[in-house]
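Chains, contacts and geometry: an overview
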Amino acid sequence: MAFGKYLKAAFSNQWNLLAFLGSLGFAIVSGIPDVLIPIALAAELCYLGLVGANAKFQKYIDVRQATVTRSARSQTAAQSMTRIMAGLPAAAKNRFEQLRRRCLELRQIAADMQPDAGDPAPLDSLQKAGLDRLLWIFLRLLFTQYSISRFLARTSRSEIEAEIKQVDARISALPKDDKQPLAEKARRLLVDHKQTCAERIDNFDKAKGNFDLVGLELDRLENKITSLAELAVNRQEPDFIAGQVDQVATSMRETERTMNELDFATGLGPLDEHVPELLPPIRA
């Protein structure tokens with residue numbers, strides 16, 4: 001299957017198509033197509049076999065496809081960013097912007113404290129990428145929390161419980177010894193209604209649990225991000241800071257899985273390695 005990808009790329013090359021179609025056209029009008037068409041086909045198969053199996057050509061195709069994939073995913077992340085910022089309520093947006101602004105200010109302080117202006121600031125390379133990712137997770141968590149809160153606001157557990165009591169009362173009111181088809185059908189419908197209500201309560205409780213969990217994770221991550229930014233000021237050790245960023249990023253794996261599971265509520269798609277730039281370069 002992978003080799004077929006290289007054969008397809010070799011065949012669809014514009015110069016190969018031009019040469020192949022041109023040779024077929026010449027063969028058809030030459031007067032001896034029965035001789036030249038097989039030769040053209042054999043030459044094309046030979047070309048595809050040689051080029052498709054070439055290691056350099058395969059590497060070129062892999063790099064080109066990876067570039068296209070990265071570009072598409074980066075564009076998707078940027079679109080998600082736009083959608084999140086447009087959909088979040090003002091309080092949630094302010095919370096994110098305050099955290100990002102705090103990181104920017106601390107990074108600027110760290111840069112200003114550098115003894116050699118030519119040295120990179122502690123959070124301006126791989127560490128910055130890690131901090132960008134943590135801020136992106138924080139922003140998505142805010143959107144996840146908001147999406148769940150909208151569901152909870154539209155659903156009342158007490159109303160569902162009251163509905164279950166009403167259904168129970170209607171089931172109890174049915175004569176137990178009535179075996180008529182209509183009575184049996186009514187009983188089945190009421191039992192199914194009660195089961196649906198029980199499932200709604202279960203969904204509500206799960207949503208409430210996820211809402212509380214996301215809230216706790218937001219508080220923890222906000223504190224972690226602030227702490228990492230402060231490290232750039234208090235400890236001028238890029239390697240140590242990079243290790244701390246990686247450590248926090250690793251601890252977020254479970255949170256990332258939770259967000260992917262809650263994608264039905266947000267519609268943002270799964271979290272991948274591509275994140276928008278949330279911390280622009282610091283001022284010189």
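Residues numbered from 1 in each chain as written. Predicted model: local features only at pLDDT ≥ 70, side-chain atom pairs only at ≥ 80, totals over all residues. Heavy atoms only, no water.

Let's talk about the packing of helix H2 (residues 14–29) against helix H3 (residues 33–52)
At a minimum axis separation of 8 Å, H2 and H3 run at an interaxial angle of 165 degrees. On the basis of their axis angle, the class for H2 and H3 is roughly antiparallel. Relative to H3, the crossing made by H2 is right-handed. Here Asn16, Phe20, Ser23, Leu24, Phe26, Ala27 and Ile28 of H2 come into contact with H3, specifically with Pro33, Leu36, Ile37, Ala40, Leu41, Glu44 and Tyr47. Here the contact of H2 with H3 is built from residues that sort into eleven nonpolar, two polar and one charged. (Axes fitted to C-alpha atoms, helices over the stretch in contact; angles between N-to-C directions. Helix = DSSP H or I, 4+ residues; strand = E, 2+ residues; numbered from the N terminus. Parallel < 35°, antiparallel > 145°, perpendicular 65-115°, else oblique. Left-handed = near helix turned anticlockwise from the far one by under 90°. Contact = heavy atoms within 4.5 Å. Nonpolar A, V, L, I, M, F, W, Y, C, P; charged D, E, K, R; others polar.)

Here's the deal with a nonpolar patch on the surface
Among the surface-exposed residues, Phe26, Ile28 and Val29 lie close enough to one another that they form a single nonpolar patch of about 360 Å² accessible area. By the secondary structure assignment, Val29 is in helix H2. (Patch = residues over 30% accessible without salt bridge, like charges linked within 9 Å, V, L, I, M, F, W, Y side chains within 5 Å. Areas by Shrake-Rupley, 256 points an atom, 1.4 Å probe, with all protein chains shown as cover. Salt bridge = Lys/Arg side-chain N within 4 Å of Asp/Glu carboxyl O.)

Quick notes on the environment of Leu48
Here Leu48 shows up in helix H3. Using a relative accessible area of 13% as the deciding quantity, one classes Leu48 as buried. Separated by 42 residues in sequence, Leu48 and Tyr6 have C-alpha atoms that sit 8.7 Å apart. (Buried < 20%, exposed > 50% of the residue type's maximum accessible area, 1.4 Å probe, protein only.)

Regarding the confidence of the model for the chain
Per-residue confidence for the chain averages 76 on the pLDDT scale, and 73% of its residues sit at or above 70. Here helix H11 (residues 263–266) stands out as the least confident element of the chain, with mean pLDDT 65; helix H7 (residues 157–173) is the most confident, with 92. In this model, residues 66–72 is a region of pLDDT below 50 whose contacts with residues beyond four sequence positions or in other chains number one contact. (pLDDT = per-residue confidence, 0-100.)

Structural notes on the side chain of Arg187
Mapped onto the elements, Arg187 comes out in helix H8 (residues 181–234). A relative accessible area of 18% means that Arg187 is categorised as buried. There is a polar contact of 2.9 Å between the side chain of Arg187 and the backbone oxygen of Pro175. (Polar contact = N/O pair within 3.5 Å; in protein donor to acceptor, adjacent residues only side chain to side chain.)

Here's the deal with the environment of Glu222
With respect to the helices and strands, the residue Glu222 is situated in helix H8. Each C-alpha atom of the pair Glu222 and Arg100 lies 9.9 Å from the other, and the pair is 122 residues apart in sequence. Residues in contact with Glu222, not counting those within four places in the same chain, are Arg95, Leu99 and Phe138. At 2.9 Å, the side chain of Glu222 forms a polar contact with the side chain of Arg95.

Overview of the nonpolar core
Judged by nonpolar contacts, the single largest core of 35 residues is most densely connected at Phe96, Leu134, Phe138, Leu139, Leu142, Leu221 and Ile225. Those elements that place two or more of their residues in this core are helix H4 (55–87), helix H5 (90–112), helix H6 (126–154) and H8. Top element by residues in this core is H6. It accounts for twelve residues. (Core = buried A, V, L, I, M, F, W, Y, C linked by side-chain atoms within 4.5 Å.)

Some points on H3
Between its first and last C-alpha, H3 extends 27 Å over 20 residues, near the 28 Å set by a 1.5 Å rise per residue. All of the buried residues along H3 are Ala40, Glu44, Leu48 and Gly52. Taken around the axis of H3, the buried residues stretch over an arc of 80 degrees, which confines them to a single face. The outward face of H3, more than 90 degrees from its buried face, is lined by the exposed residues Ile39 and Leu50. (Expected span 1.5 Å × (residues − 1). Arc of directions from axis to C-beta.)

Observations concerning the side chain of Arg100
Topologically, Arg100 is positioned in helix H5. Side chain to side chain, Arg100 and Glu97 meet in a polar contact 2.8 Å long. Ignoring anything within four residues of it in the chain, the contact list for Arg100 reads Met81, Leu278 and Leu279.

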